[in-house]
Amino acid sequence: MFYCGIDIAKYRHEATVIDQAGAAVQESISFANSKEGCEKLLALFQRLDISKEGLLIGMEATGHYWLSVYGYLLEQGFEVKVINPIQSEAFRKMYIRQTKNDRKDSFIIAQIMRFGQFSATNLAEEDRSDAAAEPVPAGSGGYLRGLQASGHCAAGSGLPGV
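Criteria and thresholds
- Residues numbered from 1 in each chain as written.
- Predicted model: local features only at pLDDT ≥ 70, side-chain atom pairs only at ≥ 80, totals over all residues.
- Heavy atoms only, no water.
- Helix = DSSP H or I, 4+ residues; strand = E, 2+ residues; numbered from the N terminus.
- Expected span 1.5 Å × (residues − 1).
- Buried < 20%, exposed > 50% of the residue type's maximum accessible area, 1.4 Å probe, protein only.
- Arc of directions from axis to C-beta.
- Core = buried A, V, L, I, M, F, W, Y, C linked by side-chain atoms within 4.5 Å.
- Contact = heavy atoms within 4.5 Å.
- Pairing = 2+ DSSP bridges.
- Right-handed = clockwise from strand over helix to strand, strands pointing away.

Caption draft 1: Main features of helix α1 (residues 35–47). The end-to-end C-alpha separation of α1 is 18 Å, in line with the 18 Å expected for 13 residues at 1.5 Å each. Listed in full, the buried residues belonging to α1 are G37, C38, L41, L42, L44 and F45. Buried residues in α1, looked at end-on, bunch into an arc of 150 degrees, giving them a common side. Facing away from the buried side of α1 by over 90 degrees, the exposed positions are E36, Q46 and R47.

Caption draft 2: Broad picture of the nonpolar core. Among the nonpolar cores identified, the biggest contains 27 residues, and C4, I6, L41, F45, I57, M59 and L73 are the most heavily contacted of them. When contributions to this core are tallied by element, the ones reaching two or more residues are β1 (2–7), β2 (12–18), β3 (29–32), α1, β4 (55–60), α2 (66–75) and β5 (79–83). Looking at which element gives the most residues to this core, the answer is α2, with seven residues. If we ignore the near neighbours within four places in the chain, the residues touching I57 are C4, I6, F45, L73, F78, E79, V80, K81 and M113. Residues Y3, A110, I112 and M113 belong to the second largest nonpolar core, which totals eight residues.

Caption draft 3: Spotlight on the side chain of E60. Inspection of the secondary structure puts E60 in strand β4. E60 gets classed as buried once you look at its relative accessible area, which sits at 6%. With residues up to four places along the chain from it excluded, the contact list for E60 reads I6, D7, I8, W66, V82, I83, P85, S88 and I109.

Caption draft 4: Up close: the pairing of β4. Judged by how many residues are buried, β4 sits mostly within the fold: six of six residues are covered. Across the two faces of β4 the burial is the same, with L55, I57 and M59 and L56, G58 and E60 all buried. As paired elements, β1 and β4 share five bridges and run parallel to each other. Looking at β4, one finds that I6 is bridged to M59. Bridge count between β4 and β5: five bridges; the pairing is parallel. By the bridge assignment for β5, G58 is matched with K81. As for the winding sense of the linkage, the β-α-β connection from β4 through α2 to β5 is right-handed.

As structure tokens, then:
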């Protein structure tokens, strides 16, 4: 089993893939918040010969920026868990060096997935605009339609109004 942690940001995300033992399989990668960026992430999984069934992906619910990546990865058939940033902050405190940066955060999110110590925010399949623990900002359907028009990851994601 492999675990991918994605640190979400406005323009560029950072992803780290770890194995069952918790070791990074390669350096983290940075990818754009665009369809092409998401395809770069999928190419990494393919290059590492990681199947959808052998991978659990985790990301933080950071503003609304996670929605497009989340929708795209779900559409591709991946298992994706969204966690509250407070959970990764608590996990970070276990490490001696508690510095925060995108690479370390993506690694920590991957470790959280590996240990299974999280409460996921899952969006219902029939209406992904109703988050269980994190409300989606009002008007997100319009935002997601804008992402689709601009080529962001959400294009064709199956999210409401997209």
